[in-house]
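Structure at a glance
Residues per chain, in single letters:
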Amino acid sequence: MAPLLELIDWIDQNKLSQEKLDTLYQAAPQTECPKTCSDCCRLTEEEMQGDIAVMYPLYKAEYFKIVSYIHKCFPEETVKNLLTLRDERPQICPFLIVKNHACLIYPARPYLCRIYGILSADELEMAKSLYQKKLPESWLREFLRMDSCLICEKIRVNDSGKMNYIDQRARGEDARALWKLSCQVPPHPREIEVESLTEGTLLIWTWGGFNALYASEESWFRSHFQEYWKKTALGFAPQVRSEKSADCVDCEEG
Ligand code: SF4
Ligand code: SF4
């Protein structure tokens, strides 16, 4: 069996990881978007000039969840088309059904797509004052930097659980959970092969980037991956804050 299919099997059988991923997804406040909007699933010409990307960051565990989902739900041709996309930063998300403003993989869409628009500019300001002396400056800066790119004025958000959600985001607990789950996915032989190039295990990338690594044909991988990697702007093995350091801040506060 091809390594990619073995990993999909592992994802399907490893219910614990899947449940943890689903629990994290379900903890985000519920949202409702207008039926005629899909603005966050594509980039404007102006956004294309910057460094924003749709569906980014996509964690390794999420990539395999989506691969497993499309294998189960779509015909072989569709799966093949989706897995052969290698554009690291497409202007339109490959899963957007443009004419319907719908998401082809809605039940398996990644975390970022689920949290887009949850926090308003006012709530970010409130969080900034609330956590200014409670969290390390770099944590707060990163949280505010990321979430200020996710503001949406058209979305409706169910506020129940919002404060817990803000706390989890500000402390980076959701990112840490996604990182840990991604670490649990067994390594693909290609990952090990390119580790000296990538300087570690790639835990975050994009759909196109992960496809280049895991789903590309052997001949393409051999002759092009190295060059592809040299041009990447979005693939990396993140330095995630340790639980210990988070606890230490809490202790100091106490
Ligand atoms: S989050 Fe905002 S931009 Fe994205 S689809 Fe919903 S309403 Fe549109
Ligand atoms: S995965 Fe779905 S929700 Fe996320 S950007 Fe693509 S089309 Fe939009």
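These notes cover the structure that comes with them. (Residues numbered from 1 in each chain as written. Chains lettered and ligands numbered in written order. Predicted model: local features only at pLDDT ≥ 70, side-chain atom pairs only at ≥ 80, totals over all residues. Heavy atoms only, no water.)

Focus: the packing of aromatic side chains
For any two aromatic rings, the description comes down to two numbers: the centre-to-centre distance and the angle of the planes. Counted under the stated rule, the structure contains 16 aromatic pairs. A ring pair is formed by F95 and W207, whose centres lie 4.9 Å apart and whose planes are at 75°; its orientation type is edge-to-face. One end of the pair, F95, is in the loop between α5 (76–83) and β3 (96–97); the other, W207, is in helix α13 (residues 207–215), and 112 residues separate them in sequence. Take F95 and W207: they sit in the same class, and that class is buried. For R109, the ring lying beneath its charged end belongs to Y106, and the centroid distance is 3.8 Å. A cation over an aromatic ring shows up here: R190 above the ring of F221, its NZ or CZ 4.2 Å from the ring centre. (Phe/Tyr/Trp six-rings, centres within 6.5 Å; stacked < 30°, edge-to-face > 60°. Helix = DSSP H or I, 4+ residues; strand = E, 2+ residues; numbered from the N terminus. Buried < 20%, exposed > 50% of the residue type's maximum accessible area, 1.4 Å probe, protein only. Lys NZ or Arg CZ within 6 Å of the ring centre and 35° of its normal.)

Description of a nonpolar patch on the surface
A contiguous nonpolar surface patch, about 240 Å² in accessible area, is contributed by M126, L130 and M163. With respect to the helices and strands, the residue L130 is situated in helix α7 (residues 121–131). (Patch = residues over 30% accessible without salt bridge, like charges linked within 9 Å, V, L, I, M, F, W, Y side chains within 5 Å. Areas by Shrake-Rupley, 256 points an atom, 1.4 Å probe, with all protein chains shown as cover. Salt bridge = Lys/Arg side-chain N within 4 Å of Asp/Glu carboxyl O.)

What about the site of ligand 2?
The environment of ligand 2 is formed by C41, M55, C93, F95, L96, C103, I105 and C113. When its residues are assigned to classes, the shell around ligand 2 shows eight nonpolar, no polar and no charged. (Near = heavy atom within 4 Å. Nonpolar A, V, L, I, M, F, W, Y, C, P; charged D, E, K, R; others polar.)

A word on the environment of L83
The residue L83 is located in helix α5 in this model. With a relative accessible area of 10%, L83 lands in the buried category. A sequence separation of 13 residues divides L83 from I70, and the C-alpha atoms of the two residues are 9.7 Å apart. With residues up to four places along the chain from it excluded, the contact list for L83 reads L4, Y63, V67, I70, H71, W207, N211 and A215. (Contact = heavy atoms within 4.5 Å.)

Points about the site of ligand 1
Close to ligand 1 lie C33, P34, C37, D39, C40, Y116, C152, K154 and I155, which account for all nearby residues. Taken together, the residues of the shell around ligand 1 break down into seven nonpolar, no polar and two charged.

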